Amino acid sequence: MSTHPASTTSPAQAKLSLLALREKKRSGERIVMVTAYDFPSGRLADEAGVDTILVGDSAAMTVLGLDSTVPATLDDMIVLGRATVRGARRPIVVVDMPFGSYQVSDEDAVRNAIRLVKETGCDMVKVEGGTTTVSRVRAIVQAGIAVCAHIGLTPQSATLLGGYRAQGRSATEAVSILDQARALEAAGASLLVLECVPSPVSARITQQLTIPTIGIGAGPGCDGQVLVYHDLLGITEGHRPRFVKVYASAAETMRAGIAAYAAEVRSGAYPAPEHEYSMPDDELRLFEQAASGSAPQPA
Ligand code: KIV
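Owing to the predicted nature of the structure, the values given are computational and were not obtained by experimental measurement. (Residues numbered from 1 in each chain as written. Predicted model: local features only at pLDDT ≥ 70, side-chain atom pairs only at ≥ 80, totals over all residues. Heavy atoms only, no water.)

Our next topic: the site of the ligand. In the region of the ligand, the neighbouring residues are Thr35, Leu54, Gly56, Asp57, Ser58, Asp96, Lys126, His150, Val193, Glu195 and Ile216. One of the side-chain N or O atoms of aspartate 57 is found 3.0 Å from an oxygen atom in the ligand. Protein contact buries 95% of the 260 Å² of open area that the ligand shows by itself. (Near = heavy atom within 4 Å. Polar contact = N/O pair within 3.5 Å; in protein donor to acceptor, adjacent residues only side chain to side chain. Areas by Shrake-Rupley, 256 points an atom, 1.4 Å probe, with all protein chains shown as cover.)

Below, the discussion takes up the pairing of strand 5 (residues 146-152). Of all seven residues making up strand 5, seven are buried, and the element is well covered by its neighbours. Side-chain alternation along strand 5 places Ala146, Cys148, His150 and Gly152 on one buried face and Val147, Ala149 and Ile151 on a second face that is also buried. Sheet analysis places strand 4 (residues 124-128) next to strand 5, joined by five bridges and oriented parallel. Note on strand 5: the bridge partner recorded for glutamate 128 is histidine 150. Crossover handedness for the path strand 4 to helix 6 (residues 134-142) to strand 5: right-handed. Pairing of strand 5 with strand 6 (residues 191-195) involves five bridges; the strand directions are parallel. Bridge assignment links glycine 152 to a residue of strand 6, and that residue is glutamate 195. Of the crossover connections in this fold, the one passing from strand 5 over helix 7 (residues 171-186) to the parallel strand 6 is right-handed. (Buried < 20%, exposed > 50% of the residue type's maximum accessible area, 1.4 Å probe, protein only. Helix = DSSP H or I, 4+ residues; strand = E, 2+ residues; numbered from the N terminus. Pairing = 2+ DSSP bridges. Right-handed = clockwise from strand over helix to strand, strands pointing away.)

With that settled, the discussion passes to the pairing of strand 7 (residues 213-216). The alternating pattern of strand 7 places Thr213 and Gly215 on one face and Ile214 and Ile216 on the opposite face, and all of these are buried. Pairing of strand 6 with strand 7, which is carried by four bridges, proceeds in the parallel orientation. Note that in strand 7 the partner of valine 193 across the bridge is isoleucine 214. Following the chain from strand 6 across helix 8 (residues 199-208) to the adjacent parallel strand 7, one finds a crossover that is right-handed. One ladder, built from two bridges, connects strand 7 with strand 8 (residues 224-227); its direction is parallel. Looking at the pairing, isoleucine 214 lines up with glycine 224 of strand 8.

Here it is, written out as structure tokens:
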């Protein structure tokens, strides 16, 4: 039974460090990041050997069924982050700061970042935005918390950016993204996510920074890549952004498994004798006697 404690333990493994990620950048070894949002996905990603896990606010859409990431709350991220951290031993776990948890002031950002780290046990937090986020990154880092910055297409402000579209396609915009990247690194960010940015722009940013860059729709020139768990496993169906590559057909497998279970319940094939618990014959006899003696008598 999956609720048995024995099935929830995994061998202790050494935690990766941010220094190890920097070393990967230096040596040219690509960094693998994937999103995960709960204990089993955290554990599977760890067992698959990823380097870092992002508990993204994309959970608002992939897990909570909402239309955008904007409604995700700090409490949502704490529940999801805490569960994921329990499953992921070796990878560095990054938890997204949701919209509204860092936009108001540096103090607010630090207070909420501290809550995320204390209540989930994650290794670092992620914030979206360039120029306006630089002082938040500096303040959170000064409080002793590692930060992953996220620029390019920043879904929390997609409306302001004109929708879910690539950013930095003109020279002026590309220079602005490069400037933001430099400023975020100078403010103390340890990782930088580049989303939906033309490949030559992200490659140039990657060359110019000492911190690792993680791309999503930003081409092969980044130090690493991130994809959303539900997208790469084929759990999300329907429209997918062009950068998504699907590596499994999990939705089909899951749907077929549930349908097979439903058919067996309906036919009586499940549960079979091997799924049942027995009791000693004499105990059963005593039980039958007691049960028939205590049965309500017809009036
Ligand atoms: O929330 C998320 O999953 C993200 C990734 C798409 C980078 O921010």
